[in-house]
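# Remarks on the overall topology
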Amino acid sequence: MLPYRSLTTPFEQEKYLNRFESLYDEMAKAGFTWATLYENYEEHQYMSDSMLEVPHAMYTEIKNATRAVDAIYIKTYKMIKENPSIMHRLGIPIMLWDLLLEDQSKRFSYFTRYDFIASVHGLKVIEANTDTPVGLVEADIAQNRLANVHQVENPNEGINRLVKEAWDQVIKDYQIRSSDTLYFTAANWHDEDKLTAKYLMQHYPQNADYIPLEEIEVRKDGVYDPSGNQIHFLYRLYPLEYFLHEKSGTGESIGEQFLVNVLEGKVKLINPPQALMMQSKAVLSLITEKKKEWYTRGEQEIIERYFLRTYDDQAGLYSYVKKPVLGREGGGITVVENNHILDQDLDYYQDQQMVYQEYYPMPSQTIDTWDGPYTGRLLIGSHTMNGEPAGLFFRVGEYITGNLSMFVGFTIMK
């Protein structure tokens, strides 16, 4: 368990709530409005005002692990493209295959988050969020203000510079001219996605405009904004596979037409469509299966060090995490230890292909909440911008890290 700084010693709930409300208002003005979340008819605390103290050696190792894991994902992407018949293993709808296998020289993802657990056997990556990663606003805006409140060093300082450098690479790779407009979109009702998209837009150095997903016009000859301007470049914080189910008010399959326009090059997406391919958790089972076939000796050592064994079936595992390959926010997951179910979510994604990942317990971690100290399980998110480690995002929750797991700031232990 990491040590943590507290602002609530001794804990007095009324004082805590007053201070939290003041901090919430400050965060909201800066662009972080989901420090609390309303779900199941109840207000939940999402941000803790504690401050984790991370040893410098651990911080360095997370950055090293992030670079190493990203390199394995780059190699795996290359091997999948060279072996397209393996696409059926990824659990991705067939209608998307041509789009994902399209030749392109760009990165499969410019904005990514790898999730790690600090196990007794060292850091282990449990999944990659390559398609539509969030947590950036927390890692920059919220983290900076929490560090100011605690009067400690902010290790994530400079994340916005790396975001801008990633955009510079996108401009180069997509050949976006200074006269072109890059549109940013998300479901407008979803504050986290909308404000994350706007955060990224703030750091884009050329012409940019935000358009709610609901206002995009999809035609057979392209994609347009409400004023009739054609959209040639689009950053979308919306899962690619969700477009398959989008219908117009009259029942037309506008999502499928949107994807046809992407395939025909009428609109170019960021992250690229290939980001969905690499987000499939079946990629982890391929890495396990092809370890000796696809990877060099040095790469095999990285896999053994940072990756958990993952299979397409239970494979004799007695302790495992069963995951839907395209599940999100902890949906559809079952956690099993010694053949005993510790936790499960059966509400979502049960119709998807599953993988079975070796179970390593997440470490316990205590943080402050408005109900007093809470001890949960720590998950470490590590963002990359164009492959460069760009900031950590810590959450504390239950066995399954869902959308109500609490974000907490961190600093480097002196």
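Computed from a predicted structure; not experimentally measured.

Bringing the sheet that holds strand 12 (residues 268-270) into the picture now. The strands making up a sheet associate through hydrogen bonds between their backbones, and the pairing can be parallel or antiparallel. Here we have four strands laid out as an open sheet, ordered 8-7-11-12, and parallel in their pairing. The sheet is open, and its two borders are formed by strand 8 (208-210) and strand 12, each paired with just one other strand. Ignoring strand direction, the axes of neighbouring strands in this sheet form an average angle of 25°. As paired strands, strand 7 (residues 182-185) and strand 8 are joined by three bridges and run parallel to one another. In the strand pairing of strand 8, L182 is matched with A208. Packing of helix 5 (residues 159-174) onto the sheet brings it into contact with strand 7, strand 11 (233-236) and strand 12, and relative to strand 12 it is tilted by some 160°. Where helix 6 (residues 191-202) meets the sheet, its contacts fall on strand 7, strand 8 and strand 11, and the angle it forms with strand 8 comes to roughly 170°.

Next up on the list: the pattern of salt bridges. Taken as a whole, this structure holds 26 salt bridges when the rule is applied. Where K78 meets E82, a salt bridge forms, and the shortest distance between an N and an O atom there is 2.9 Å. Here K78 pairs with E82, and both are found in helix 2 (residues 56-82), just four residues apart, close to one helical turn. Note on K78: relative accessible area 45%, which makes it partly exposed. Its salt-bridge partner being R89, residue D312 comes within 2.9 Å of it at the nearest N-O pair. Remark: R89 occurs in the loop between helix 2 and helix 3 (97-100) and D312 occurs in the loop between strand 13 (310-311) and strand 14 (320-324); sequence separation between them is 223 residues. Overall, R89 belongs to the buried group, its relative accessible area being 15%. Salt bridges here are not isolated pairs; linked through shared partners, they connect R89, E289, K290, E293 and D312.

As a further point, take the environment of S319. Relative to the helices and strands, S319 resides in the loop between strand 13 and strand 14. Sequence spacing of S319 and Y360 is 41 residues, and the spatial spacing of their C-alpha atoms is 8.1 Å. When neighbours within four sequence positions are excluded, S319 is seen to be in contact with V336, E337, N338, Q357, E358 and Y359. For S319, the side chain forms a polar contact with the main-chain nitrogen of N338, separated by 2.8 Å.

Glycine aside, residues mostly have negative phi angles, and peptide bonds mostly take the trans form. With omega at -5°, the peptide bond leading from T9 into P10 counts as cis. Along the chain, the position of P10 falls in the loop between strand 1 (4-5) and helix 1 (13-30). Of the consecutive residues I270 and N271, the connecting peptide bond is found in the cis state with omega at -10°. You can see N271 is positioned in the loop between strand 12 and helix 8 (274-279). With phi around 50°, N338 is a residue other than glycine that occupies positive phi space. In this structure, N338 sits in the loop between strand 15 (334-337) and strand 16 (340-344).

Evaluated as defined, the whole model comprises 26 aromatic pairs. Ring centres of Y238 and Y242 lie 5.6 Å apart, and the angle between their planes is 85°; this geometry places the pair in the edge-to-face category. For Y242, a relative accessible area of 27% corresponds to the partly exposed category. Here Y348 and Y349 contribute two aromatic rings whose centre-to-centre distance is 6.2 Å and whose plane-to-plane angle is 45°, an arrangement assigned as tilted. Taken together, F32, W34, Y46, F393 and F407 form an aromatic cluster joined through their ring pairs. Above the ring of Y224, the side-chain terminus of R219 is found at 3.9 Å from the ring centroid. In this structure, R328 packs its charged tip against the face of Y242, placed 5.9 Å from the ring centre.

Cut-offs applied
- Residues numbered from 1 in each chain as written.
- Predicted model: local features only at pLDDT ≥ 70, side-chain atom pairs only at ≥ 80, totals over all residues.
- Heavy atoms only, no water.
- Pairing = 2+ DSSP bridges.
- Helix = DSSP H or I, 4+ residues; strand = E, 2+ residues; numbered from the N terminus.
- Axes fitted to C-alpha atoms, helices over the stretch in contact; angles between N-to-C directions.
- Contact = heavy atoms within 4.5 Å.
- Salt bridge = Lys/Arg side-chain N within 4 Å of Asp/Glu carboxyl O.
- Buried < 20%, exposed > 50% of the residue type's maximum accessible area, 1.4 Å probe, protein only.
- Polar contact = N/O pair within 3.5 Å; in protein donor to acceptor, adjacent residues only side chain to side chain.
- Phe/Tyr/Trp six-rings, centres within 6.5 Å; stacked < 30°, edge-to-face > 60°.
- Lys NZ or Arg CZ within 6 Å of the ring centre and 35° of its normal.

That's the geometry; what it means functionally is another story.
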